[in-house]
Amino acid sequence: MQKQNKASSIVDFNQIREDFPMLKKSMHGKPLVYLDSAATAQKPQAVIDAITNFYQNQYGTVHRAVYELSVHATQEYQNVRKQIQTFLNSAKPEEIIYTRGTTESINMIAYSFGKAFVKPGDEILISEMEHHSNIVPWQILCEDRGAVLKVIPMDDKGDLVMKEYAKLLNPKTKLVAIAHVSNSLGTINPIKEIAKMAHGAGAKILIDGAQSAPHLPIDVQDLDVDFFVFSGHKVLGPTGIGILYGKASLLDQMPPAQGGGDMIETVTFPKTTYNVLPLKFEAGTPMIAEVVGLGAAIRYMTSVGMENIRQHEQELLAYATEQMKEIPGLRIIGTADHKGGIISFVVEGVHPLDIGTMLDLKGIAVRTGHHCAQPTMRHFGIPATARASFALYNTKDDVDRFVVALRDVIKMLQ
Ligand code: PMP
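1. A closer look at the domain arrangement of the protein
Inference 1: Each domain of the protein was delimited in the assignment, giving domain 1 (3-44 + 305-413) and domain 2 (48-302).
Inference 2: Once you take the C-alpha centre of each, domain 1 and domain 2 turn out to be 27 Å apart.
Inference 3: Listed per partner, the contact involves 45 residues of domain 1 and 36 residues of domain 2.
Inference 4: Together domain 1 and domain 2 conceal approximately 3300 Å² of surface at their shared face, both sides included; 55% is due to carbon and sulfur atoms.
Inference 5: Between D337 and K157 there is a salt bridge, and its shortest N-O distance comes to 3.2 Å.
Inference 6: Taken together, domain 1 and domain 2 are joined by 27 residue pairs in polar contact (both at pLDDT 80 or more).
Inference 7: If you list the elements that add at least two residues to the side of domain 1 that touches domain 2, you get α11 (306-325), β14 (342-347) and α13 (374-379).

Written as C-alpha cells, this is what we have:
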C-alpha cells in the first residue's frame, strides 16, 4: 500500500479551503458554495502558481533539444510521470501515458486495443451506469470490428447486478469497461471483485477512474486492473491533461493510437518503426504546462493524503444525505451502500433545471441535467436530476448553506 494513502495527521479542512482562490468569490452577491466537483474541480493556488511560473520562467519544449530550458522541461515532464506512478502505484513509469483526459484515454484504448485484440463476434462488456465517454467509444469499436456490446444491468439502488455480470462473462468477452465511481449516482463499484471475475473469464479490464482518482486512494496493482484512466481537471489540475495507465505487457502488444513526432524510432517512406513505451502513445508536442500543473495538483492531494480526503468526503456525504432525506418530496437517485461524495436528486413537481437556476441565484453551484449518462436516467424513468458533489475543499458549512437554500427554493417552486 502507498504511504500517501495512510490517514496520518488530522487535517484542518477549513484551512484547505483557503488555498482555493475561486472559493473566495461571491456569486450574485452571495458567497460561492461550489458543489459541482464531479464536473470539474477548483484549483489550489499551488497549481495556478506552478503553471504561471513554468510559462514565465521555465518554458521550453520536451525531448527535442539540448539547451537548458528543454532539458529542464523534459526532466519535469518525466518527474511528473513518476509522481503519477506513485499516485496509482503502477509497477513502472512507462505504464503512465499522458492524454488530454478520460475521454481521450478511453478512445485511444478502444482504437488500439480493438485493433490488436477484437475480432468479429467478440464481446465488450460495459455497465448500465456508464458515462457516455465509456459507452460511445465501445459502440464505435463494435461497429468497426463487428463485435457485440453487452451491458451489465444495475438495480434500483444503483448497484451493479453481480449475478448478471457473472452470466454475461464468457470466452468471447475481450474487455470489461466499468466506472470505478458513477458520476450520476455516486455508486462505488467493487472493482477488485469485478477485475477478478473478468480475468477468470480471460477478459481484460478497464476502469474509468474519472470519479475515483480525485477522491479515493488508488492502487492499480492491488486492484489488478489492466487499464485505469482519469482526467487532470478533476484532481485539482488543469484542463487538457489526463492519464492512461496500462499494463506494460499489454501496451507493448498494442499499436499506436496516433502517428506523428516523438512516437517513432525511425521513419522511412516504406516503413516506420515505433518508439518504446510510453512515447509510442504520445504523438506530437505534448501538453507540457498542463503536465507541470498536474504534478503540482498531485503533490497537493498527496500532501493532504488520499485516505484523509476519502474520510472527509464520506463525512460530508453522510451529513448532507441525512439532512436531504428530511426534505418533503425529495428523492435521492442512487442509494447504494458504498457511495462517493455525489448526491443526485429529484423533487416532486419541480424541474431540476429550475432548482439549479434558483440555487445559483443564492450562490450555490450544482449541476442539473442527464450528467452524460442518459441510459442511467432512463433506468430511473427520469430525464434529469440535480446533483451536488463534494471535494476536499467543501465543508459542513457548505452543506448547511446548500440545504437551507434548497428548502427555500423548493418552497418557492412548489
Ligand atoms: N467518465 C466519468 C465517470 C466522468 O464523470 C467523466 C466526466 N464527467 C468522464 C468520464 C469524462 O471525463 P472528461 O470529460 O474529463 O474526458
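2. Quick notes on the side chain of H233
Inference 1: Considering the arrangement of structural elements, one finds H233 in the loop between β9 (227-231) and β10 (242-246).
Inference 2: By relative accessible area, which is 18% here, H233 ends up buried.
Inference 3: With sequence-adjacent residues up to four places away left out, H233 is seen in contact with A39, T40, A41, K43, P238, T239 and I241.

3. Description of the packing of aromatic side chains
Inference 1: Summed over all chains, the structure comprises 11 aromatic pairs.
Inference 2: Each ring, one from F54 and one from Y55, has its centre 6.2 Å from the other, and the planes form 55°; the classification is tilted.
Inference 3: By the ring-pair criterion, three or more aromatic residues cluster together here, those being F20, Y300 and Y393.

4. A look at the pairing of strand β7 (residues 173-179)
Inference 1: Extensive coverage of β7 is indicated by the burial of seven of its seven residues.
Inference 2: One ladder, built from three bridges, connects strand β5 (residues 123-127) with β7; its direction is parallel. Paired with L125 across the two strands is V176, which belongs to β7.
Inference 3: Examined bridge by bridge, β7 and strand β8 (residues 204-208) share five bridges and lie parallel to one another.

5. Quick look at the site of the ligand
Inference 1: Lining the immediate surroundings of the ligand are T102, T103, H131, S133, N183, D208, A210, Q211, S231, H233 and K234.
Inference 2: Residue H131 places a side-chain N or O atom 3.3 Å away from a nitrogen atom belonging to the ligand.
Inference 3: Residue D208 places a side-chain N or O atom 2.5 Å away from a nitrogen atom belonging to the ligand.
Inference 4: Burial of the ligand by the protein amounts to 84% of the accessible area it has alone, namely 390 Å².
Inference 5: Tallied by class, residues from the shell around the ligand come to one nonpolar, eight polar and two charged.

6. Some points on the sheet that holds strand β16 (residues 367-369)
Inference 1: With antiparallel pairing, the four strands of this open sheet are ordered in space as β13-β14-β17-β16. Each of the sheet's edge strands pairs with one partner strand only, and the pair in question is β13 (330-333) and β16. Across the sheet, the mean angle from the axis of one strand to that of its neighbour is 30°, orientation sign disregarded.
Inference 2: Judged from the four bridges that link them, β13 and β14 form a sheet pairing that is antiparallel. Residue pairing in the sheet places I332 in a bridge with F345 of β14.
Inference 3: Along the sheet face, α11 touches β13 and β14 and points at about 10° away from the line of β14.

7. Points about empty space enclosed by the protein
Inference 1: For the coordinates displayed, the defined rule picks out two cavities of 30 Å³ or more.
Inference 2: A volume near 70 Å³ is recorded for the largest cavity.
Inference 3: For the largest cavity, the full set of lining residues is S37, A38, V181, Q211, H215, L216, G340, G341, I342, S389 and F390.
Inference 4: The class makeup of the residues in the lining of the largest cavity is five nonpolar, six polar and no charged.
Inference 5: Shared between two domains, the lining of the largest cavity takes at least three residues from each, and those domains are domain 1 (3-44 + 305-413) and domain 2 (48-302).
Inference 6: Considering only enclosed or pocket space, the second largest cavity measures out at about 40 Å³ in volume.
Inference 7: Lining the second largest cavity are H215, L216, R310, E313, Q314, G340 and G341.

The rules behind these values
Residues numbered from 1 in each chain as written. Predicted model: local features only at pLDDT ≥ 70, side-chain atom pairs only at ≥ 80, totals over all residues. Heavy atoms only, no water. Domains from an automatic or database assignment. Contact = heavy atoms within 4.5 Å. Buried area = accessible area lost by both parts, 1.4 Å probe. Salt bridge = Lys/Arg side-chain N within 4 Å of Asp/Glu carboxyl O. Polar contact = N/O pair within 3.5 Å; in protein donor to acceptor, adjacent residues only side chain to side chain. Helix = DSSP H or I, 4+ residues; strand = E, 2+ residues; numbered from the N terminus. Buried < 20%, exposed > 50% of the residue type's maximum accessible area, 1.4 Å probe, protein only. Phe/Tyr/Trp six-rings, centres within 6.5 Å; stacked < 30°, edge-to-face > 60°. Pairing = 2+ DSSP bridges. Near = heavy atom within 4 Å. Areas by Shrake-Rupley, 256 points an atom, 1.4 Å probe, with all protein chains shown as cover. Nonpolar A, V, L, I, M, F, W, Y, C, P; charged D, E, K, R; others polar. Axes fitted to C-alpha atoms, helices over the stretch in contact; angles between N-to-C directions. 1 Å grid on protein atoms, 1.4 Å probe; cavity = no way out; pocket = protein on both sides within 12 Å on 5 of 7 lines; lining within 4 Å. Points joined across faces, edges and corners; volume = space filled by probe spheres on them.

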